[in-house]
Amino acid sequence: MNTPVTMHFTLEELYASATAKAKGINNKPNVQQTINLVYLTAYVLEPLRVAMNEPIPISSGFRCERLNRAVGGVSNSQHTKGQAADCGCDDPLALARLLLDLGLEFDQAIVYPTFLHISHKADGENRNQLLYNKSYTGQRL
């Protein structure tokens, strides 16, 4: 079953994980984590998707604590709260630029070589921080 969150995103794609499937981990979010995913999608991911006019693949969205440990995520990862998604793309810097140009409210955007990590806090305490992972060696904004 695909549960629509917005016109272009479903809840299932926001918590799908090949690692969770392979390891038998139940990676379904609880009510609060689902609410956080809805806010992230409605206020950040969907406006980006509409502006780009092309799909934004989610390589990692919600991760339960067990899955987060299995993939080597940091212990305080916003993924575990349903507040973050990694958006796979050919040009993460261009996606970050679009995020800024649209003036969307976000907590952190972290540029990696092959994806852009985007987080958003439903409570509105967003920092609008643009950061670069140490593995990213390209141009900066």
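Given the structure is predicted, the values throughout are model-derived calculations rather than measurements.

Conventions adopted
- Starting from 1, residues in each chain are numbered consecutively following that chain's sequence as written.
- Whole-chain, interface and lining totals are the exception, using all residues; otherwise, since this is a predicted model, local features are given only for residues with pLDDT of at least 70 and side-chain atom pairs are given and counted only at 80 or more.
- The side-chain values count all of the structure's non-hydrogen atoms but skip hydrogen atoms and water molecules.
- In this text, helices come from DSSP runs of H or I with a minimum length of four residues, and strands from runs of E with a minimum of two, each type numbered from the N-terminal end.
- With the radius of gyration taken over C-alpha atoms, the globule rule is written as 2.2 Å times the number of residues to the power 0.38.
- Each residue's exposure class comes from its accessible area (1.4 Å probe, protein chains only) as a fraction of the maximum for that residue type: buried when under 20%, exposed when over 50%, partly exposed otherwise.
- Working rule for contacts: check all heavy atoms of both residues, and any pair within 4.5 Å makes them a contact.
- Residue-level accessible areas treat just the shown protein chains as cover; the underlying method is Shrake-Rupley with a 1.4 Å probe.
- Note on charges: Lys and Arg go in the positive column, Asp and Glu in the negative column, and His and the chain ends are not counted at all.
- Charge coordinates come from a single atom per side chain, which is NZ of Lys, CZ of Arg, CG of Asp or CD of Glu.
- Starting at the helix axis, one direction is taken to each C-beta atom, and the arc is that of these directions.
- Whether a set of points on the 1 Å grid over the protein atoms alone is a cavity depends on a 1.4 Å probe fitting there but being unable to get out, while an open set qualifies as a pocket with protein on both sides within 12 Å along at least five of seven lines; lining residues are those with an atom within 4 Å of a point.
- Grid points are joined across faces, edges and corners, and a volume is the space filled by probe spheres set on the points.
- Residue polarity is assigned by list, with Asp, Glu, Lys and Arg as charged and Ala, Val, Leu, Ile, Met, Phe, Trp, Tyr, Cys and Pro as nonpolar; anything else, Gly included, falls into the polar class.

Trainee: Any chance you could break down the overall build of the chain for me, citing the residues and the numbers?
Mentor: The secondary structure content of the chain amounts to five helices and five strands. For the chain, the sequential pattern of α-helices and β-strands runs α-α-α-β-α-β-α-β-β-β. The C-alpha atoms of the chain give a radius of gyration of 14 Å, which matches the 14 Å a tight globule of 141 residues would have. Taking the principal axes of its C-alpha atoms as reference, the chain extends roughly 40 × 30 × 30 Å. Per-residue burial for the chain yields a buried fraction of 45% across its 141 residues. Taking the contacts inside the chain whose residues are at least 6 apart along the sequence as the reference set, 57% of them involve residues at least 24 apart. When the accessible surface of the chain is totalled, it reaches about 7,600 Å², and 51% of it is carbon and sulfur. For the chain, the separation between the mean place of its 13 positive charges and that of its 13 negative charges on side chains is 11 Å.

Trainee: Account for the environment of V38, with residues named and values stated.
Mentor: One can find V38 in helix 3 (residues 31–52). Distance from V38 to K28, taken between C-alpha atoms, is 14 Å for residues 10 residues apart in sequence.

Trainee: Could you give an account of the environment of A42, naming the residues involved and the relevant values?
Mentor: Along the chain, A42 falls in helix 3. According to the relative accessible area criterion, A42 is partly exposed, its value standing at 34%. The residues touching A42, leaving out its near neighbours within four places in the chain, are T6 and P47.

Trainee: Can you break down unusual backbone geometry residue by residue, with the values?
Mentor: Despite not being glycine, N53 has its phi angle at roughly 60 degrees, a positive value. Its location among the elements puts N53 in the loop between helix 3 and strand 1 (58–60). Residue N53 is classed as exposed on the basis of its relative accessible area, which comes to 65%. Here the phi dihedral of N128 falls at roughly 50 degrees; this positive angle occurs in a residue that is not glycine. Tracing the backbone through its elements, the reader meets N128 in the loop between strand 4 (115–119) and strand 5 (129–132).

Trainee: Could you give me a rundown of helix 5 (residues 92–101), with the residues and numbers involved?
Mentor: Taken residue by residue, helix 5 has P92, L93, L95, A96 and L99 as its buried positions. Buried residues of helix 5, viewed axially, fall in a sector of 160 degrees; they line one side. Buried positions along helix 5 lie against helix 3, strand 2 (84–88), strand 3 (108–111), strand 4 and strand 5. G103 sits one or two residues past helix 5 and shows a positive phi near 70 degrees.

Trainee: Go over the layout of surface pockets with me, naming the residues and quoting the values.
Mentor: Taken as a whole, the largest pocket encloses approximately 420 Å³ of empty space. R63, V74, H79, Y112 and H117 are the residues nearest the centre of the largest pocket, which is lined by 18 residues in total. Where the lining of the largest pocket is concerned, the elements lending two or more residues are strand 1, strand 3 and strand 4. When the residues that make up the lining of the largest pocket are grouped by side-chain class, the tally is five nonpolar, 10 polar and three charged. When its volume is computed, the second largest pocket comes out at roughly 150 Å³. Counted by class, the lining of the second largest pocket contains eight nonpolar, one polar and three charged residues.

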